[in-house]
Amino acid sequence: MKRRTGRLPDLGGAPGLADLRVPELPPPPRDAIARTDPARMGLPRGCPETVEYARTEALRFLDKERNLDGNLRGVGLGLREVNGEPTDEFALTFLAYEKRPPDKVPKGCLLPRFVTRGNQKIRVDVIEAPGEIQWTQTPCPQGSFDLSSCSGAAIATEADGDWDGTLGGTWRRLDGSGHRGLTNCHVAIGDLSFQQFIAGLPGTIARLFESPRGKRIFTGVPGAQNFQIMEIDTIWPILAPWLLPIPIAGALPFVFLDCAAGDIDHRAVGNPLFLPPPPPPARNVRGGIITGARIRSAQAPIPGTEVYKVGAQTGTTFGRIRIAFLQIPIAIGPLIVIFDQVLARLAIANGDSGSSMIERTDNHYIGSCWGGLPLNGPPVDLGGGNLMLDHALATPAHQTFWRMNLDLY
């Protein structure tokens, strides 16, 4: 079968991830492990069982024996969809490059209509996702942004440089002593786009384990352009180890964490503030920075939840969560599985990496956006080669709060 352009290649004899130099990482505190338990997240009835199934038994449908042509590309908690519209029934939702009738599925690979976890009967659904994942970081030109050190501000890794991504916001430290800023690890590392990652394989695999510590982050504040607002002090790379066992022999489990944080210079921001969202605009608002009301405590991602984000490139965009607790297998030599991602129908573009995904009604923090997928049509060219995708991918709060030393709860 012809390989799709942009799909991660199977590198065969490439060095295994275990052979790469990984930063020494601290052990998780007990509270961090507890927060990964879906039974403690306040999810709707039946959803914890679906999440547990997606993290375990469902992964067998994605291995090479059951996913012969690589058509299935992920599984998580979603809402059953009929003719592209969500219902109110939760489902075990698979992402597929192409949704096929049963007679077009290879023998032995057909998904069941229902699965069970304990005494829970779970509906199985499939969503077509023909596009390729892209990191939403590409340097974008200066001069078109309203700059501040609040959520949605354009940030750069070099003074007087192009803007590399977005500041997700500022939060208290876990010990309460000061404020910390949050963005993406791949933004802090700089000089790495998804296209460059693909083109440079297998050598670029090492970049997934590069620590961002010591990187400086610049933005603009009134009267102080190119002001260094923080220095990254977190050592976590783009991929962080998954805390729980998985049932696929030989697969390497990771969280696509892709977050970096540091203490905010007290001169950059007085309070971690930003406004509730305005009514949905007729089109994307460009260049706006939201300030004035607090980001509230973290909330577990639930399919159907209305969300928004403020990105340095696209401004304020609105949407809803489509799949939560999404597990994505990627074959780059060994099979790696990245866990618990959030997929939302939410426009995002190059330069928006690091923006926070926020629950729309009460401004609860959901997670940090790192990339996107064009599920409902080809990317939209915003000019200069900058592409806007119609779905955003984010790492959820329960994976970031302790690793980033943020008081999200």
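Keep in mind that what you see is a predicted model, and the values were worked out from it rather than measured.

The rules behind each value
Residues numbered from 1 in each chain as written. Predicted model: local features only at pLDDT ≥ 70, side-chain atom pairs only at ≥ 80, totals over all residues. Heavy atoms only, no water. Disulfide = S-S within 2.5 Å. pLDDT = per-residue confidence, 0-100. Contact = heavy atoms within 4.5 Å. Helix = DSSP H or I, 4+ residues; strand = E, 2+ residues; numbered from the N terminus. Buried < 20%, exposed > 50% of the residue type's maximum accessible area, 1.4 Å probe, protein only. Polar contact = N/O pair within 3.5 Å; in protein donor to acceptor, adjacent residues only side chain to side chain. Phe/Tyr/Trp six-rings, centres within 6.5 Å; stacked < 30°, edge-to-face > 60°. Lys NZ or Arg CZ within 6 Å of the ring centre and 35° of its normal. Pairing = 2+ DSSP bridges. Axes fitted to C-alpha atoms, helices over the stretch in contact; angles between N-to-C directions. Salt bridge = Lys/Arg side-chain N within 4 Å of Asp/Glu carboxyl O.

**What to know about the state of the cysteines**
Phase 1: This model, assessed by the stated rule, comprises zero disulfides.
Phase 2: No disulfide involves Cys369; its nearest neighbouring cysteine sulfur is the one of Cys259, lying 10.0 Å away.

**Section: the confidence of the model for the chain**
Phase 1: Averaged over every residue, the pLDDT of the chain is 80; the share at 70 or more is 78%.
Phase 2: Note on residues 1–14: pLDDT under 50 across the span, and 36 contacts to partners over four residues away in sequence or across chains.
Phase 3: A low-confidence stretch, residues 270–293 (pLDDT under 50), is modelled with 69 contacts involving residues beyond four sequence positions or located in other chains.

**Looking at the side chain of Lys309**
Phase 1: You can see Lys309 is positioned in strand 16 (residues 306–311).
Phase 2: Judged by its relative accessible area of 0%, Lys309 falls in the buried class.
Phase 3: Here the side chain of Lys309 touches Thr314 through a polar contact of 2.8 Å, side chain to side chain.
Phase 4: Within polar-contact distance, the side chain of Lys309 engages the side chain of Thr317 at 2.6 Å.
Phase 5: Apart from residues no more than four positions distant in its own chain, Lys309 is found in contact with Thr314, Gly315, Thr316, Thr317, Leu346, Ala347, Ile348, Asp352, Ser355 and Ser356.

**Observations regarding the packing of aromatic side chains**
Phase 1: Throughout the structure, instances matching the rule amount to eight aromatic pairs.
Phase 2: Ring centres of Phe209 and Phe254 lie 5.7 Å apart, and the angle between their planes is 70°; this geometry places the pair in the edge-to-face category. Here Phe209 is found in the loop between helix 4 (194–199) and strand 10 (216–221), whereas its partner Phe254 is found in strand 13 (residues 252–256), with 45 residues between them in sequence. A single burial state applies to Phe209 and to Phe254, both of which are buried.
Phase 3: Over the face of the ring belonging to Tyr409 we find Arg35, whose NZ or CZ atom lies 3.8 Å from the ring centre.
Phase 4: Above the face of the Trp236 ring, Arg403 is positioned so that its terminal group lies 4.9 Å from the ring centre.

**Observations regarding the sheet that holds strand 9 (residues 179–183)**
Phase 1: The three strands lie next to each other as 8-9-14, forming an open sheet whose pairing is antiparallel. Strand pairing shows two members of the sheet lacking a second neighbour, strand 8 (169–172) and strand 14 (260–263), which therefore form its edges. Averaged over all adjacent pairs, the angle separating strand axes in this sheet is 30°, with direction ignored.
Phase 2: The sheet contact formed by strand 8 and strand 9 spans four bridges and is antiparallel. By the bridge assignment, Thr170 is partnered in strand 9 with Gly181.

**Observations concerning the pattern of salt bridges**
Phase 1: Applying the stated criterion across every chain, the model contains 17 salt bridges.
Phase 2: In this structure, Glu81 and Arg322 form a salt bridge, with 2.8 Å as the shortest nitrogen-oxygen distance. Of this pair, Glu81 sits in strand 1 (residues 72–82) while Arg322 sits in strand 17 (residues 315–331), and the two are 241 residues apart along the sequence. Both residues of the pair, Glu81 and Arg322, count as buried.
Phase 3: In this structure, the salt-bridge partner of Arg173 is Asp175, at a minimum N-O distance of 3.1 Å.
Phase 4: The exposure class of Arg173 is buried, given its relative accessible area of 18%.
Phase 5: Each of the salt bridges in this network shares a partner with another, and the network as a whole consists of Arg173, Asp175, Arg180, Asp233 and Asp263.

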